[in-house]
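Take a look at the letters that make up each chain.
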Amino acid sequence: MPQVIVVGAGVVGLSAAHELARAGHQVRVVADADTADTVSAVSAALWFPYRSEQSAAADLLLERSLARFEELLPVPEAGVARRPGTVLERTADPDRSWARLFPDAAAVPPDLLPPGVLSGVRVAVPFITVPEYLPWLVRRLESLGVAFERRTVTAVAELTGSADAVVVAAGLRSGELLGDDSSVVPVRGQVVRLANPGLTDWITDDDNPDGLTYVFPRNADVVVGGVAVEGSSDATVHADVAAAMLARATRLVPELAGLPVLGHAAGLRPARPTLRIEAVPGHAVPVVAAYGHGGAGVTLSWGTAERVATLLGDLLRG
Ligand SMILES: Cc1cc2nc3c(=O)[nH]c(=O)nc-3n(C[C@H](O)[C@H](O)[C@H](O)COP(=O)(O)OP(=O)(O)OC[C@H]3O[C@@H](n4cnc5c(N)ncnc54)[C@H](O)[C@@H]3O)c2cc1C
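Reading the values: the criteria
Residues numbered from 1 in each chain as written. Predicted model: local features only at pLDDT ≥ 70, side-chain atom pairs only at ≥ 80, totals over all residues. Heavy atoms only, no water. Pairing = 2+ DSSP bridges. Helix = DSSP H or I, 4+ residues; strand = E, 2+ residues; numbered from the N terminus. Axes fitted to C-alpha atoms, helices over the stretch in contact; angles between N-to-C directions. Contact = heavy atoms within 4.5 Å. Buried < 20%, exposed > 50% of the residue type's maximum accessible area, 1.4 Å probe, protein only. Domains from an automatic or database assignment. Buried area = accessible area lost by both parts, 1.4 Å probe. Salt bridge = Lys/Arg side-chain N within 4 Å of Asp/Glu carboxyl O. Polar contact = N/O pair within 3.5 Å; in protein donor to acceptor, adjacent residues only side chain to side chain. Nonpolar A, V, L, I, M, F, W, Y, C, P; charged D, E, K, R; others polar.

This part is about the sheet that holds strand β15 (residues 287-291). Strands sit in the order β6-β2-β1-β7-β15-β14 across an open sheet of six strands; the sheet is mixed. What marks the edges here is a single partner per strand, and that holds for β6 (147-150) and β14 (276-279). Looking at each pair of strands side by side, their axes are set apart by 15 degrees on average, direction ignored. Examined bridge by bridge, strand β7 (residues 165-168) and β15 share three bridges and lie parallel to one another. In the sheet register, V168 faces β15, and the bridge partner there is A289. Here helix α7 (residues 301-317) sits on the sheet in contact with β1 (3-7), β7, β14 and β15, set at roughly 10 degrees to β14.

Neither face of strand β9 (residues 202-205) is exposed, since W202 and T204 on one face and I203 and D205 on the opposite face are all buried. By the bridge criterion, three bridges tie β9 to strand β10 (residues 213-217) in an arrangement that is antiparallel. Paired with T204 across the bridge in β10 is Y214.

Take the domain arrangement of the protein next. Taken as a whole, the protein is organised into domain 1 (1-79 + 129-184 + 273-318) and domain 2 (83-125 + 185-271). Distance from the C-alpha centre of domain 1 to the C-alpha centre of domain 2: 26 Å. Taken together, the contact pairs 26 residues of domain 1 with 29 residues of domain 2. Taken together, the two surfaces of domain 1 and domain 2 that pack against each other cover about 2300 Å², and 69% of this comes from carbon and sulfur. When the shortest N-O distance is used, the salt bridge between R100 and E63 registers 3.3 Å. On the surface where domain 1 and domain 2 come into contact, there are five residue pairs in polar contact (both at pLDDT 80 or more). Elements that contribute at least two residues to the side of domain 1 that touches domain 2 include exactly α2 (39-42), α3 (56-71) and α4 (130-143). Looking at side-chain class alone, the side of domain 1 that touches domain 2 contains 13 nonpolar, nine polar and four charged residues.

Dropping the structure here:
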């Protein structure tokens, strides 16, 4: 049974580990942060290709991920549900290529659009409640016999003596770990969690001139975001940013006014001009990179994981 080490316990590493274990590999996930402390745990997480690569290859990953999340709809513990909501658009030619995957997607009547918004799409997409989903995924891995190890890896060469193959799914630090890629940049995000008075529909206003704005109701809370500060490595919560986000969101969803604040979080999206899901030559054993998912790591996770398993299987078969 080939031994594979996956570096990274965020949504990309865990999903890759799942597919590799299912393909018959003996898998160990090595990470220096618990899943609950990763960027993935900060994610809201709506199935939506926000700040992700636009290409035929990425479209395939979106499609595959969508299919896999839909398979999880009947599994209550996984925390995946299809929820209706609205994408607001403020540009004359918005990218709606993703909407082809949803036959129920419909244009929002112009009289229902907020001021300054040119168009909108009403659609039901998978909504992944990460505080339920990620622990469920970890439990799935444990049941598949995947082992977990907590430590910092400083170079891939450290691992190649004890594994037949390595997957680098280390998010923002993947390029540095591989030593051949400086194109990953952090895009700072921040969210506020509010008590949910019974809201169900989500809304996103990505091009709001005052800043990215979204409202994502979950069962237990409402996640309000966000910001997208390109190049910022500051993963701390800022009270003034939270107040501004809440003010913008309340203009969109007036029911948010005065709701109790349950918590705050911030995280750095691992952005890259293109996704990197490929074999990395020059190592003693096969190495596959899987990172650069920007603001859509959950959205693209299963498609990425399937691709990693296929690539690695081919490499191991030689
Ligand atoms: C505010 C916010 C909202 C978001 N909303 C959404 C959304 O609605 N939908 C969506 O699809 N996406 C969303 N995202 C984006 C999504 O969270 C990311 O794309 C995704 O989490 C990236 O996952 P990852 O597994 O690549 O990285 P991470 O979650 O960052 O995990 C990286 C892992 O690698 C490990 N690691 C790194 N370097 C080393 C090392 N040297 N040694 C050992 N371990 C190492 C870390 O410990 C960690 O376990 C959002 C992000 C933010 C910040």
